Amino acid sequence: MPMLVFRQLFDPQSSTYSYLLADGRSREAVLIDPVFEQARRDAALIAELELKLLATLETHVHADHVTGAWLLKRQFGSAIAVSKASGADGADRYLEHGNRVAFGGRYLEVRATPGHTHGCVTYVLDDESMAFTGDCLLIRGSGRTDFQQGDAREMYRSVRSQILSLPPSCLLYPAHDYRGLTVTSVGEERRYNPRLGGEIGESDFVGYMSNLGLPHPKLIDIAVPANMRSGQPKNDTTLPADPGWAPLTFTFAGIWEIQPAALEEHAERIQIVDVREADEYNGSLGHIRDAKLIPLGSLAARAGELARDRPIVAVCRSGARSAQASVLLQRAGFTEVANLAGGMLRWRAEGLPVEGGRA
Ligand SMILES: N[C@@H](CCC(=O)N[C@@H](CS)C(=O)NCC(=O)O)C(=O)O
Ligand SMILES: [Fe+2]
């Protein structure tokens, strides 16, 4: 079986986990439960790992955040997959119990696990080494059953018949954890889940769930209608705006980057800040014409010397110190900031002009 590429991703706002799975050979990938606000981050990781996103998969219609499915489809052409029982619109594939979602030589099996909502599903990896339980089984807990089409009896049966029946070593990955826990297993949840494990019966579970006393999710009135449209915004004002002042790339490290050729092309409008030390600026690598020298150590104090109405590109030897410079500048309130990818080394390697320095 081809090696699995696997990443667990977190959205701190809603405490949601998204899961990226790919076949390491063909690079075909699926992303379970993407979050709208994290689409740019997720896209950066997909690009950096050189994956081909085939589909985004929802475990259910979420009540606490909007899915990133539509945004990722717009960028990658990925299919949107959601359960048929969810009633959601705008998907390319409507999943039913027993379906398989293939990526390269691997696949996920779809299991209907209603209870938190009517349309909840769990995705089980082909070799039963992992399952993605959505808001059905949580780590030492479970999703709530008091809104959408929640039903505690249904949830009990889903967990017992479809999830805890998997091999004890099967790792379970939930859609949320509110304490920062990341993974559990069938064996330990069978024994230690305080709502659903051990000898706990269906009516014990129903009694537990009737007394959770949780407030409704803050975003439920926004999230549910948006997710019923698979995350398509009602109008363009909610779309994440990409910087328009130059062609930039967002990295999974969280930095906007500009390539040397693009900086050369747009140099007229841009203030270039060289954050190396003076001896480096005047040393063998030389510097870019009109680059203003402000060593990284004094950048925070001297940020006032930079114009607020022109985009800034930070430059150093390799692109490391300037990445930190771009973070400091953003912290100082500059919004149009990017890092020169690869620094002076790449700039020179690409044969672009320098002042000073040695050939
Ligand atoms: N405070 C959170 C509540 C989130 C919430 O209710 N999450 C649902 C899943 S959509 C749940 O089942 N939570 C279980 C729990 O909080 O124990 C919010 O406002 O978003
Ligand atoms: Fe949920």
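Everything that follows concerns the structure shown earlier in this document.
Notes on the structure follow. (Residues numbered from 1 in each chain as written. Chains lettered and ligands numbered in written order. Predicted model: local features only at pLDDT ≥ 70, side-chain atom pairs only at ≥ 80, totals over all residues. Heavy atoms only, no water.)

1. Let's talk about the sheet that holds strand E6 (residues 93–95)
Definition in use: In short, DSSP must find at least two bridges between two strands for them to pair. By definition, any uninterrupted DSSP run of H or I lasting at least four residues is a helix, any uninterrupted run of E lasting at least two residues is a strand, and each is numbered from the N terminus. Every axis in this analysis is a line fitted to C-alpha atoms, fitted for helices over the stretch in contact. Angles between the N-to-C directions lie between 0 and 180 degrees.
Across the sheet, six strands lie side by side as E1-E2-E3-E4-E5-E6; this open sheet has mixed pairing. The open sheet has two free edges, formed respectively by strand E1 (4–11) and E6, since each of these has just one partner strand. For this sheet, the mean angle separating the axes of adjacent strands, direction not counted, is 20°. For strand E3 (residues 28–32) and strand E4 (residues 52–57), the ladder comprises five bridges, and the chain directions are parallel.

2. Description of the packing of helix H3 (residues 152–163) against helix H5 (residues 202–209)
The following threshold applies: An angle counts as roughly parallel when it lies under 35 degrees, as roughly antiparallel when it exceeds 145, as roughly perpendicular when it falls between 65 and 115, and as oblique in every other case. A crossing counts as left-handed when the near helix is turned anticlockwise from the far one by less than a right angle, and as right-handed when that turn is clockwise. Should any heavy atoms of two residues lie within 4.5 Å, those residues are considered in contact.
Direction vectors running N to C along H3 and H5 enclose 125°, while the axes themselves pass 9 Å from each other. In terms of orientation, H3 lies oblique with respect to H5. For the pair H3 and H5, the crossing hand works out as right-handed. Residues Ala 152, Arg 153, Met 155, Tyr 156 and Arg 157 of H3 pack against Glu 202, Phe 205, Val 206 and Met 209 of H5.

3. Quick notes on the coordination of the iron ion (ligand 2)
Selection rule: The donor set comprises N, O and S atoms within 2.8 Å of the metal, extended to 3.2 Å for Na, K and Ca; water molecules are omitted, so apparent gaps in a site may simply reflect that omission. In short, tetrahedral needs four donors with all angles between 85 and 135 degrees, square planar needs four and octahedral six donors with opposite donors over 155 degrees apart and all other angles between 65 and 115, and whatever is left is irregular. The buried label goes to any residue with under 20% of its type's maximum accessible area, the exposed label to any with over 50%, and the partly exposed label to all in between, with areas taken from a 1.4 Å probe on protein chains only.
Of the protein atoms, only His 60 (NE2), His 116 (NE2) and Asp 135 (OD) coordinate the iron ion (ligand 2), at distances of 2.0 to 2.3 Å. Geometry at the iron ion (ligand 2) is irregular, judged from its four donor atoms and the angles of 87 to 164° they form at the metal. Along the chain, the residues donating to the iron ion (ligand 2) are arranged with the sequence spacing H-x55-H-x18-D. Separated by 19 residues along the polypeptide, His 116 in the loop between strand E8 (106–112) and strand E9 (121–125) and Asp 135 in the loop between strand E10 (130–134) and strand E11 (137–138) bring together distant segments of the chain. In terms of burial, His 116 and Asp 135 fall into one category: buried.

4. Structural notes on the site of ligand 1
Heads up, the rule is: Being near a molecule or strand, for a residue, comes down to having at least one heavy atom within 4 Å of it. Here a polar contact is taken to be a pair of N or O atoms separated by no more than 3.5 Å, where protein atoms must pair a possible hydrogen donor with a possible acceptor and residues adjacent in sequence count only if both atoms sit in side chains. Note on areas: these come from Shrake-Rupley sampling with a 1.4 Å probe, and a residue is covered only by the protein chains present in the view.
Neighbouring ligand 1 are the residues Asp 64, His 116, Asp 135, Gly 143, Arg 144, His 176, Tyr 178, Leu 214, Pro 217 and Lys 218. A distance of 2.7 Å separates an oxygen atom of ligand 1 from a polar side-chain atom of Arg 144. Here a nitrogen atom of ligand 1 sits 2.8 Å away from a polar atom, N or O, in the side chain of Tyr 178. Isolated, ligand 1 exposes 500 Å² of accessible area, and the fraction of that covered by the protein chains is 82%.

5. A short note on helix H2 (residues 69–76)
Among the residues of H2, Ala 69, Trp 70, Leu 71 and Leu 72 are the ones counted as buried. Residues of H2 that are buried in the fold lie against E3, helix H1 (39–48), E4 and strand E5 (79–83). Just beyond H2, the residue with positive phi is Gly 77, at close to 70°.

6. Details of unusual backbone geometry
Both trends apply: most residues other than glycine have a negative phi, and most peptide bonds are in trans. Of note, the phi angle at Glu 50 is positive, near 55°, even though the residue is not glycine. Here Glu 50 lies in the loop between H1 and E4. A positive phi is found at Arg 140, a non-glycine position, where the angle reads about 55°. For Arg 140, the location among the structural elements is in the loop between E11 and strand E12 (141–142).

7. Topic: the state of the cysteines
The line we're drawing: Cysteine sulfur atoms are paired as a disulfide whenever they fall within 2.5 Å.
Throughout the structure, instances matching the rule amount to zero disulfides. Free cysteine: Cys 136, not disulfide-bonded; nearest cysteine sulfur from Cys 120 at 6.6 Å. With a relative accessible area of 0%, Cys 136 lands in the buried category. We note that Cys 170 lacks a disulfide partner, and the nearest cysteine sulfur, in Cys 136, lies 13 Å from it. A relative accessible area of 0% places Cys 170 in the buried class.

8. Brief notes about the sheet that holds strand E16 (residues 256–258)
Spatially, the six strands line up as an open sheet ordered E15-E16-E20-E19-E17-E18, and their pairing is mixed. Every interior strand has two partners, whereas the edge strands, strand E15 (249–250) and strand E18 (292–293), have only one. Here strand E17 (residues 271–274) pairs with E18 via two bridges, running parallel. Paired with Val 273 across the two strands is Lys 292, which belongs to E18. Relative to the sheet, helix H10 (residues 320–331) contacts E16, strand E19 (312–315) and strand E20 (337–340), its axis offset from that of E20 by approximately 175°.

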